[in-house]
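# Examination of the molecular architecture
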There are 2 protein chains.
Amino acid sequence: MESSLPTHAKDNPNVSAEGAPSKNALKKAQKEAEKAAKKAAAKKADEEKRVAQQAQASEDTAKDKYGDLPQDEVKITHLKKLGEEYVDKEVTVISRIHNTRSQSAKLAFLMLRQQGKTIQAVVAANSEAVSRQMVKWSVSLNVNSFVRVTGIVKKPDPPVASASISNLELQVTKIYLVARAAEQLPMQVKDAERPPPAKEEEGQVDAEGAPIVTLKTRLDNRVIDLQTECNQAIFTISSAVEGLFAEYLRKAGSRQFNTPKILGAATEGGSGVFEVKNYFGKSGFLAQSPQLYKQMLIAADCESVFEVGPVFRAENSNTHRHLCEFTGLDFEMVFDHHYHEVLGFAEQLIVFIVHELQARYKDEIAVVQKYFPRAGDFRIKDGKALRLKYFDGIKILRDAGVDTTEQDNFVTDLTTAQEKRLGQLIREKYDTDFYVLDEFPMCVRPFYTKVHPTDPNLSNSYDFFMRGEEIMSGAQRINDAAELEAAMRSKGLDPNSEGFQDYVNAFRQGCRPHAGGGLGLNRIVMFFLGLDNVRQATPFPRDPQRLRP
Amino acid sequence: MESSLPTHAKDNPNVSAEGAPSKNALKKAQKEAEKAAKKAAAKKADEEKRVAQQAQASEDTAKDKYGDLPQDEVKITHLKKLGEEYVDKEVTVISRIHNTRSQSAKLAFLMLRQQGKTIQAVVAANSEAVSRQMVKWSVSLNVNSFVRVTGIVKKPDPPVASASISNLELQVTKIYLVARAAEQLPMQVKDAERPPPAKEEEGQVDAEGAPIVTLKTRLDNRVIDLQTECNQAIFTISSAVEGLFAEYLRKAGSRQFNTPKILGAATEGGSGVFEVKNYFGKSGFLAQSPQLYKQMLIAADCESVFEVGPVFRAENSNTHRHLCEFTGLDFEMVFDHHYHEVLGFAEQLIVFIVHELQARYKDEIAVVQKYFPRAGDFRIKDGKALRLKYFDGIKILRDAGVDTTEQDNFVTDLTTAQEKRLGQLIREKYDTDFYVLDEFPMCVRPFYTKVHPTDPNLSNSYDFFMRGEEIMSGAQRINDAAELEAAMRSKGLDPNSEGFQDYVNAFRQGCRPHAGGGLGLNRIVMFFLGLDNVRQATPFPRDPQRLRP
């Protein structure tokens, strides 16, 4: 098991400093670690019990003020709600122990943590209300355990620099154990709160000898990793993007649908598709996008639809921005006269999301910015998308000295490097991080794309970019069966094959002109916040190497 | 291909009235039908062209008022927006031709349809503005084609009984073709608008000889079927349920997550799981629920999470309420003192959804009620869930003479028949369609369920019922690793197996007590509206027999 290995390789006798451990050594180490952890946990529990009993046996003036959780139902306050209006008031919080420090037999400091926010708690045996036994018990608790703490809110002078709620602290009057953490954890939250190393190499330490954990280790121990202040903020923003997408679409009268993810045939290209082994004796395939189904819903008079759901790509792409499973934000809608009605709608969607994030989630963006400095600087000039034609984008690159011969000759689409460069040039020239390229060459777009009305080399299609990286692809779609069949044949696809019949038939019974697009939730979060890797914007990422946790 | 077969079996010489056609006959019939359809379409197009040319050749006073769509960008009005305030005003709509009727060379009636709503349009050659050629062209259009119609809104006397917008009609001044439908469709929307037959048998006709289409035929031709007034309303309500669920959770501070659907190991029982054939050389499995992952998010300090996403069940259950892929509405949250905090929250969630549906979607519910008479009568007494203990529910059954020996002796859970009977008894006794059973026997619940604090035979778990059928299962979950391992072993599961390690480890590092539940979107819609079958509440259902369209 990957995730139970202690991160501190130097503590483990089976792992040499020079090389990677063998599989057997890993297994052995793991078993021993588990055994040791169990033994330690049992010992710890015994000791805690002994201390508690001892405490109760001796004259403990505070014996009801700590230990096992009582059954009383006191009012609980969330750490994030605490403000100066609480000073000198009593509050009860349920939080983790971020760390403990024993100053003396009569004085201990606990750092409490809830959803990444930290506050200092002082356990001081300076009256009958708090006993020495209570102080001792408090510091005996394992880091990351959950406690219910009652205390008086005070204003420390000077502020507690190491706490995120630095202007307040708690004078503890009661402390009870809610859930115990094991003594030895594979990774500490405080380790995950330091910036990742420049290179993905295990075993690095910082100037103070503290381990620097790689992205791999963080993702192997994702349940602990997600507890950092930064990750709590990232996933608040991710949730918000999902909500804002739906909010915008619903306001426009669009309806949410959930189209099937198991399909009877591979459609959008067989190589990138996962196969379901045995669907009641038949082969099934995982949807690479809801494209065909959302168009079928348009053909079914739904007029404007959206979907939020998983998208599966069996592509062996091991990059910073590819996943084998991601959350697609898809929409599709009829238009009255021109596909630019839909394009404008989609541009305003992104403007809305960015604007609302910056208005409603200032605090979370500021937290992420401590770890990813670009988080706060996403810019949309004049609150409006910059829309360029594809070949105007190519011209900007060419004018800056980039070789665009292949693009000029319709050989390939923009490369990732060219996209990023274009993003930089556009930021310099237009002062914006969000732009759209319209009228892509027909040859680089999928078969269902509508050709440009006057130039057969071009198409009514567009890509959206944030900080120079693609977040959305979209287009007007072919809405006539005969035209669609011809387009499929010209791309070497058989419109009569099992995977396409239902789709093509949808257009035989009449379908209005329509357009749409598909956004990647994880990419929007990544590029908006300026993260390094799409995995940082994915709670439990799936890539060619990773199927756990 | 299933879906191209004509529904009118009597028209097809290869299908005998007595029995089902052979496979070969079906294939042949299908090929012939396709050939005929193609031929007819070509003929039709030729004829339309000829008529148009003829019209233009002769003295056509209205030759610019009909035919191919011009490039002008006139304002488009949606049919559902039309009201009496439009009388005597000119509007332009884009709608389908529901049917056509030629009264004379000078007068035709078109029924127009948009998203299930219908209105009569009159094409009358009574002035120079509308020519006989225009009347002829209008009735020559295939049913289901899209047209852009400009006309003056009038108030017909008497109202047009056959139109859903019966108080208005359009006096056509212009009509252009937007998208042509094939002449022969596998099913007509008007056929799908009649109630389904009592028995799933093909070839039935009603008193007037019109075909009664089975659910199978409807689902085979789902793109056409979804165009009915009733289906348009059902999926407006389905979209609303999804939105209201998210709205309620977000208001309560919960965050939306998307957990992976491809897993590295089968977890919640191997028999009901779909396998992904080749995940980069490894085996993958489709998630049977987000249960383990939403709990891992709770262990990762997320405190309150929800997810809307597909749930995959490889169960060979061919019933009115089982699907192999459905949309799960899942939530999970920590509580301060008692799991009833979460239970109460979930009860209020359902009350909120039902209340808002009844307040915001009166029109859609009324439409569904025309086809499913119970749609409008869903009742929650005093706007509050009725909460009973499981064994109090059993007692109600026993008191009514139902044999509950197996339940009394902890042998099995309630059967479907018992659930339905209990629903009837509760409606009679308590005047409500929504009730909750709490404290289920431990033996019928999954391993992660928290045992009742004082009775080891019971558990802190609950099911929700609408009209006597289950829509949700939920519980307090075990939040201690040692307790969880023991519970798994007692159910014959290995906590150290690959599929469980990450999950069990999540509790080793400390996790707060929490509870949650999982709702089925499709079932809520089905039971709320009193539909017959969960497939009617699913845009493209997946079951052991169906992987298309």
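The structure presented is a predicted model; accordingly, all values stated were derived computationally and were not measured.

Right, let's talk about the overall build of chain A for a bit. The secondary structure content of chain A amounts to 15 helices and 17 strands. Based on the C-alpha atoms only, the size of chain A along its principal axes is roughly 90 × 55 × 50 Å. Within chain A, the proportion of its 549 residues that are buried is 58%. The long-range share in chain A, meaning contacts at least 24 apart out of those at least 6 apart in sequence, stands at 68%. Entry remark: accessible area of chain A is about 22,600 Å², with carbon and sulfur atoms responsible for 49%.

The next point concerns helix α13 (residues 481-490) of chain B. Residue and element names in this part refer to chain B. When we look at burial in α13, the residues that qualify are A481, L484, E485, A487 and M488. Looking straight down α13, one finds that the buried residues subtend no more than 165° of arc, so they occupy a single side. Every exposed residue of α13 that faces more than 90 degrees away from the buried side is listed here: A482 and S490. Structurally, α13 contributes buried residues whose contacts are with α14 (498-508). Of the residues flanking the start of α13, the one acting as N-cap is D480, its side-chain oxygen 3.2 Å from the backbone nitrogen of A482. Just past α13, the residue G492 takes up positive phi, approximately 80°.

The next subject is empty space enclosed by the protein. If you walk through the whole model with that rule in mind, you get 12 cavities of 30 Å³ or more. For the largest cavity, the calculated volume is near 200 Å³. Along the walls of the largest cavity sit 24 residues, with E325, F326 and T327 of chain A together with N258 and T259 of chain B positioned nearest its centre. Looking at the lining of the largest cavity, the elements with two or more residues in it are α6 (229-251), β11 (304-312), β12 (325-334) and α15 (521-529) of chain A together with β11 (304-312) of chain B. With four residues, β11 of chain B is the largest single contributor of residues to the lining of the largest cavity.

On to the packing of aromatic side chains, then. Using the criterion set out here, one finds 44 aromatic pairs over all chains in the structure. Between F235 of chain A and F257 of chain B, the aromatic rings sit 5.8 Å apart at their centres with planes inclined by 25°, giving stacked as the arrangement. Taken as a pair, F235 of chain A in helix α6 and F257 of chain B in the loop between β7 (255-256) and β8 (262-263) lie in two separate chains rather than in one. The exposure class assigned to F235 of chain A is buried, which follows from its relative accessible area of 2%. Judged by its relative accessible area of 2%, F257 of chain B falls in the buried class. Both rings, one in F274 of chain A and one in F280 of chain B, keep their centres 6.0 Å apart while their planes meet at 85°; by these two values the pair is edge-to-face.

Once that is clear, we can look at the sheet that holds strand β7 (residues 255-256) of chain A. The strands making up a sheet associate through hydrogen bonds between their backbones, and the pairing can be parallel or antiparallel. Residue and element names in this part refer to chain A. Spatial ordering of the open sheet is given by β7-β11-β12-β17-β16-β15-β14-β13, a layout of eight strands whose pairing is mixed. Whereas interior strands pair on both sides, the edge strands pair on one side only; in this sheet they are β7 and β13 (386-389). In this structure, strand β15 (residues 461-466) lies alongside strand β16 (residues 469-477), joined through six bridges in antiparallel fashion. Note that in β16 the partner of Y462 across the bridge is G474.

Residues and elements named next belong to chain B. Within the open sheet, the eight strands sit side by side as β7-β11-β12-β17-β16-β15-β14-β13. Their pairing is mixed. Strands at the two margins of the open sheet, each flanked by one partner only, are β7 and β13 (386-389). Sheet analysis places β13 next to strand β14 (residues 434-438), joined by four bridges and oriented parallel. Bridging from a neighbouring strand, L386 pairs with Y435 of β14.

All names here are of chain B. You can see T319 is positioned in the loop between β11 and β12 (325-334). Residue classification places T319 among the partly exposed residues on the basis of a relative accessible area of 29%. A C-alpha to C-alpha distance of 36 Å links T319 and H338, two positions 19 residues apart in sequence. A polar contact of 3.0 Å, which involves the side chain of T319, links it to the backbone nitrogen of R321.

Turning to the relation of the copies chain A and chain B, a few remarks are in order. Once turned by 180° and shifted 0.0 Å along the axis, chain A lies on chain B with an RMSD of 0.1 Å. Viewed as a symmetry operation, the transformation between the two copies matches a two-fold axis. Interface overlap between copies: 97% of the residues of chain A at the interface are likewise at the interface in chain B, consistent with a symmetric, same-surface contact.

For any two helices packed against each other, one specifies the crossing angle of their axes together with the interaxial distance. Residue and element names in this part refer to chain B. Where helix α6 (residues 229-251) meets helix α15 (residues 521-529), the closest approach of the two axes is 10 Å, and the angle between their N-to-C directions is 125°. Our classification of the angle between α6 and α15 gives oblique. The chirality of how α6 crosses α15 is right-handed. Between α6 and α15, the contacting residues are I234, I237, S238, V241 and E242 on the first element and L521, I524, V525 and L529 on the second.

Let's shift gears to the interface of chain A and chain B. By a widespread convention, an interface's size corresponds to the accessible area lost as its parts come together. Each partner contributes to the interface: chain A provides 99 residues, whereas chain B provides 96 residues. Roughly 8,300 Å² of surface becomes buried between chain A and chain B when both sides are summed, with 55% attributable to carbon and sulfur atoms. Considering only the side of chain A, the residues that lose the most area to chain B are F280, Q509 and L547 of chain A, jointly responsible for 9% of the buried surface there. For the interface between chain A and chain B, the tally reads 10 salt bridges. Note that D301 of chain B is salt-bridged to R113 of chain A, the shortest N-O span being 3.7 Å. Our count for the chain A to chain B interface comes out at 58 residue pairs in polar contact (both at pLDDT 80 or more).

Thresholds applied
Residues numbered from 1 in each chain as written. Chains lettered and ligands numbered in written order. Predicted model: local features only at pLDDT ≥ 70, side-chain atom pairs only at ≥ 80, totals over all residues. Heavy atoms only, no water. Helix = DSSP H or I, 4+ residues; strand = E, 2+ residues; numbered from the N terminus. Buried < 20%, exposed > 50% of the residue type's maximum accessible area, 1.4 Å probe, protein only. Contact = heavy atoms within 4.5 Å. Areas by Shrake-Rupley, 256 points an atom, 1.4 Å probe, with all protein chains shown as cover. Arc of directions from axis to C-beta. Polar contact = N/O pair within 3.5 Å; in protein donor to acceptor, adjacent residues only side chain to side chain. 1 Å grid on protein atoms, 1.4 Å probe; cavity = no way out; pocket = protein on both sides within 12 Å on 5 of 7 lines; lining within 4 Å. Points joined across faces, edges and corners; volume = space filled by probe spheres on them. Phe/Tyr/Trp six-rings, centres within 6.5 Å; stacked < 30°, edge-to-face > 60°. Pairing = 2+ DSSP bridges. Least-squares fit on C-alpha atoms with pLDDT ≥ 70 in both. Axes fitted to C-alpha atoms, helices over the stretch in contact; angles between N-to-C directions. Parallel < 35°, antiparallel > 145°, perpendicular 65-115°, else oblique. Left-handed = near helix turned anticlockwise from the far one by under 90°. Buried area = accessible area lost by both parts, 1.4 Å probe. Salt bridge = Lys/Arg side-chain N within 4 Å of Asp/Glu carboxyl O.

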